[in-house]
Structure formats: C-alpha cells, structure tokens
Amino acid sequence: MLKHLYDTDCVTWSPQGKLFQVEYAMEAVKQGSICLGLKSNENVVLCSLKRQPSELAGYQEKQFKIDDHMAIAIAGLTADARVLCKYMRTECLEYKYTYESHHPVGRLVFKVAEKSQHKTQSGAKRPYGVGLLVAGIDPNGVHLFETCPSGNYYEYKCQAIGSRSQAARTYFESWFHLFEKSTLEQLILHGLSAIKKAIMEDEELNEKNVEVGILGKNLKFTHLNAQELKDYITKLDTFSPNSQIQQE
Amino acid sequence: MSGSMYDLSVATYSQEGRIYQVEYATKAVENSETVIGVKCKDGVILAAEKQKFSRLLEDNTNKRIYNIDTQTGMALCGKLPDGRNILQRAKAESSQYQDMYAIPASANVLSDRVAQYVHAYTMYSGARPFGSATFIASYNTFDGYELYMIEPSGNKYAYHACTHGKGRAICKSEFERRSFKDLTCQEALVYIAKMLILAHEEFKEKKYEYEMTWITDNNGRKHQSVPQDLINNAVQQAEQLIEQDQMGE
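Conventions adopted
Every residue gets a number counted from 1 within its own chain, in the order that chain's sequence is written. Written order decides the labels, with chains lettered from A and ligands numbered from 1. A pLDDT threshold of at least 70 governs which residues receive local features in this predicted model, and a stricter bar of 80 or more applies before side-chain atom pairs are shown or counted, although totals over entire chains, interfaces and linings include all residues. Derived side-chain values reflect all non-hydrogen atoms in the structure, with water molecules and hydrogen atoms excluded from consideration. In this text, helices come from DSSP runs of H or I with a minimum length of four residues, and strands from runs of E with a minimum of two, each type numbered from the N-terminal end. Computation of the radius of gyration draws on C-alpha atoms alone. For the globule rule, the value is 2.2 Å times the number of residues to the power 0.38. Any residue under 20% of the maximum accessible area for its type is buried, any over 50% is exposed, and the rest in between are partly exposed; the area is computed with a 1.4 Å probe on protein chains only. Every residue pair with non-hydrogen atoms within 4.5 Å of one another is taken to be in contact. Only four residue types enter the charge count: Lys and Arg as positive, Asp and Glu as negative, with His and the chain ends excluded. For charged residues, the charge sits on one atom: NZ in Lys, CZ in Arg, CG in Asp, CD in Glu. Nonpolar cores are built from buried Ala, Val, Leu, Ile, Met, Phe, Trp, Tyr and Cys residues. Side-chain atoms within 4.5 Å join them into one set. UniProt positions are given in the numbering used here, feature names are shortened, and annotations may be inferred rather than shown by experiment. Take the residue count of a helix, subtract one, and multiply by 1.5 Å to get its expected span. What counts as buried area is the accessible surface, traced by a 1.4 Å probe, that two parts surrender upon association, with contributions from both included. Salt bridge criterion: a side-chain nitrogen from Lys or Arg within 4 Å of a carboxyl oxygen from Asp or Glu. Pairs of N or O atoms are called polar contacts if they sit within 3.5 Å, as long as, within protein, a hydrogen donor faces a hydrogen acceptor (for residues adjacent in sequence, only side-chain-to-side-chain pairs). Throughout this entry, Asp, Glu, Lys and Arg are counted as charged residues, while Ala, Val, Leu, Ile, Met, Phe, Trp, Tyr, Cys and Pro are counted as nonpolar. The remaining residues, Gly among them, count as polar.

A. View of the overall build of chain B. The helix and strand tally for chain B stands at 6 helices and 10 strands. Expected size for 249 residues packed as a compact globule is a radius of gyration near 18 Å; at 18 Å, chain B falls within 12% of this value. Seen through its C-alpha atoms, chain B measures out along the principal axes to roughly 50 × 50 × 40 Å. For chain B, buried positions account for 55% of its 249 residues. For chain B, contacts bridging at least 24 residues in sequence account for 63% of all contacts bridging at least 6. Side chains of chain B carry 28 positive and 32 negative charges; the gap between the two charge centres is 3 Å.

In structure tokens form, the structure reads like this:
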C-alpha cells in the first residue's frame, strides 16, 4: 500500500480509515522509558525508570505533581509533557480559586484529551508526543488514567507505558487482583517488582534511576526520598506476591 | 480500493464526483465498535458495546454515551477523541440555544447544528473530516421522542432505529425483522443486547461491556443510564436466546 501518500499530515485519512500521523505519534510514547501506576482502595503509586542522557548529566524526572491530590508520570517527548503539565496545573489552580475544592480527576483528564484531539485535526499542527499516567484522588474515589497522543483516554486499575512496558503489564495481569486490598507498602513493592521485569539485563534498580510517587486519601502527593527508595529496593529481594496471598 | 491521486485531500472531488477523504473517514467508523439507537413504544434507547481490550481496564468507565442536557443524550461511534470534540460542540450549542430561547433545543435543531459543524470539516484542506458518527436521542413536549444519526459526511437523518460500526449489517437485519415500535423499552433491552452480542461474533473470546441509556415514560423522560442489573439480565437472556437459535439451526 502506498503508505507514504497518506502519512505526512494529520488531515489525511488512509483508505483503511486510519490516521498514520497519529499512530506515529503513539510510537513516540513507546520510545520513552517505562512508567507505571497501580492503585488500591486507598492509595495510588506511580513508579518510573529515569534515564540519564550521559554520565555527566542528571536523571530526567518523569513524575510531576499537579496538585495535592493529583500527579502525572510521563513517557515520550518531555517538552510536550511540560506543556500538558503546565496546563493541568493552571486548570487545577483556577478550579480551586473558583470552587474552593480540588479539580475532579476525570474532568481534567477529559480536558487534556480534548486538547490533544484538537492537535490531531489540523494540517498545521502535530499531535503531542507524550503519554501520561494521571493518578488522582477525588470524592469519586481513587483513579488512574492513561492519556494518548490520539486524544483517547482510559481509566485503569493499573497500567504501564513506555519502553518494554509489556513485561510490566504481564506482571500486572497476574497479580492485579491483589492490589485493591494491598497496603501502601505492598503496592510500592508490586510497582517496583513490575519495573524490575522491564529493565534490561545489564541494568539494576537503584535509588538514582527509579522514581516512586505516592498518593493517598489522606496523603498528599510525595516522592519517596533516596533512603526510602534504597530500603524498598532492598525489600524487593524478599518480596513475593505469593506471601501476600497467604496473609489474606 | 484506492482513489489514485484524488483521495489525498478533502477539498478534491474524484472524477465520479466522490470525496474519498470523507469515505475514508466513514471507514474509520465502520471498523469500530457497534452503537445502536432504537425508538420503542414508550421511549428511546442508546446502546454501545465496549471491548475490554485489557484486563487492567477499570469497569464501567471509558464511557461512549453522554448527556448533552437532562433530556438529550449523545452516543459516539468511531474514533472517540473526534466524537468527544463533536460532543463538546453539541453541549455548547444546546447551552447557547437554551440561553437564547429559554427552552431546551429540540433534537431536530440540535442535530442540524451538529451536522453543520461536522460538515464544515469536510470542506477545507487544512482540516479533516471527523472519524466519528454521533447519535442524538431526546425527548421534548412538542416533538416527543426523537432519534438522529450524524455521519462524518455531515449527513443527518431522523430514524426509528439506526446503527453504525462493525456490526451494523447484523443490527440492520434485526431491525427489519423485529418491530421495536411495538415493544416497551424494558422489553426491547433483551433484543438490543442480543444485537450487540451478535455484532462481535468473531471476537467471542474477548470480554465486552455494554453501555445502555434510555429516555422513557417510566424514568421521568430524562436521559439516564439503564440500571446495571437490568443490563446484566438482558445480556444473560440474550445469550440464552442466541444459544436457542443456534441449537435450532
């Protein structure tokens, strides 16, 4: 098929009814390093693997606080993520000013999805090249959403996006039935176990290249600090989901 | 099927007078999940199937049917981001109409405005047609129950029953066989569930969720979700009906 005729801009449908530019933008998400999120009845945990452009550079942060009750983890073009992050923060501030309460999570994700869709319907624009995992807590409950460059969004029990994320998703499919009733500590250990499945053979998890963010009904969004990360990574050696089943 | 060089821009007619880009956009809708709208004796029902493409997805979220107003609902078929764009426009139009005229917009007027919006995107090379068909169901005191479908081309018609998506052929044949005008909404739920289940016959092993909403005499003529237990019952009974049909063959 003459793909090259139909894949140069967002305003050309292919004969099969596909938008190739949007599909290519989704590839950018797959190039980013892995980030994942999982939730229980009380908490949401975001875990990401950070990349270092060179030995002399720092690690690129992947998780950003949007408000006390909401945070995102990004995979893809960091610059595009910055735009969306700024937008979400502004919306939360305005909502708080007007209504004196936290922005409902689902509605903000809808707005982000709407914004992303507009960029897929103009000849002069390109889609955002970043996928977000949005973790948030509001009176409707505990939420984890994924947004895509296409403007689609989905609500998940747990999800992993980015490079080699299929390994993490496979881990989730085996164990997600335990997450609902898990404690915060168990949730973090599950998240780190899932990331461990997705790293390369010669890589190792350490407190420098892993980022863990936690959110709870009475817990504002915080990152685990270096010491806490070290402790959890050490606990990984003795952690097994089977032991959690035996407890219940 | 390729339109040679006449299919690259929506601002280009082919030699037979076709606009291929609009047809390709319609293809995107035809390849997506089935959505049904049906007018019954005492109301209108909108229904959509949702494939749970991952076990990790949360249940009863990722909606396809939304409220535009208390008595008007819209179902989206095709590419959901495009559908939501149309939805936001429909909400804005409905809101503006109510501000201006102090009564809710009738489905006739609302669908006309939405259709004009959708059509506008088929006229400029700097934009593309929406890859989404939308169904509008509503009730008002002058016109009663109404059901419209707006296609990516901007075409809109009022229907007794309409469908789009992968299973549209199966649904259309079922519409012709069964007179939904003689059934109440509650009675029709089973047959709607049956159509949605048959629509994804080839993907039987996958998990599906069914989203159904209605506007009926019995629920205050408001656009609301069908209670989950009624949906579950309808799906169960539909599965039994399908089994019986298959054994009969």
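B. The arrangement of the nonpolar core in detail. Counting 53 residues, the largest nonpolar core has L36, F172 and V212 of chain A as its most contacted members. Among the elements that make up this core, the one with the highest residue count is helix α6 (residues 184-198) of chain A (7 residues). If sequence neighbours within four positions are ignored, L36 of chain A has contacts with V45, L46, C47, L133, Q159, A160, A168, F172, G191, A194 and I195 of chain A. Counting residues in hydrophobic clusters, the runner-up holds 41 residues, among them C92, V112 and Y128 of chain A together with L76 of chain B.

C. Up close: the UniProt feature "domain: Proteasome alpha-type subunits" (unreviewed entry) in chain B. Residues annotated by UniProt as "domain: Proteasome alpha-type subunits" (unreviewed entry) correspond here to residues 6-28 of chain B. A distance of 19 Å separates the end C-alpha atoms of residues 6-28 of chain B, which is 39% helix and 0% strand.

D. Quick peek at α6 of chain A. All names here are of chain A. Relative to the 21 Å expected for 15 residues at 1.5 Å per residue, α6 spans 22 Å between its end C-alpha atoms, a close match to the ideal helical length. Most of α6 is tucked away: 11 of the 15 residues are buried. Regarding α6, the residues found buried are Q186, L187, I188, L189, H190, G191, L192, S193, A194, I195 and A198.

E. Just the interface of chain B and chain A, in detail. On the side of chain A, 34 residues touch chain B, which itself brings 38 residues to the contact. For the chain B face of the interface with chain A, the top three residues by lost area are R55, L56 and R128 of chain B, together amounting to 25%. When the shortest N-O distance is used, the salt bridge between K157 of chain A and D59 of chain B registers 3.8 Å. Taken together, chain B and chain A are joined by 18 residue pairs in polar contact (both at pLDDT 80 or more). Elements with a contribution of two residues or more to the side of chain B that touches chain A: α1 (20-30) and α2 (80-101) of chain B. Of the residues contributing to the side of chain B that touches chain A, the split by class is 17 nonpolar, 11 polar and 10 charged.

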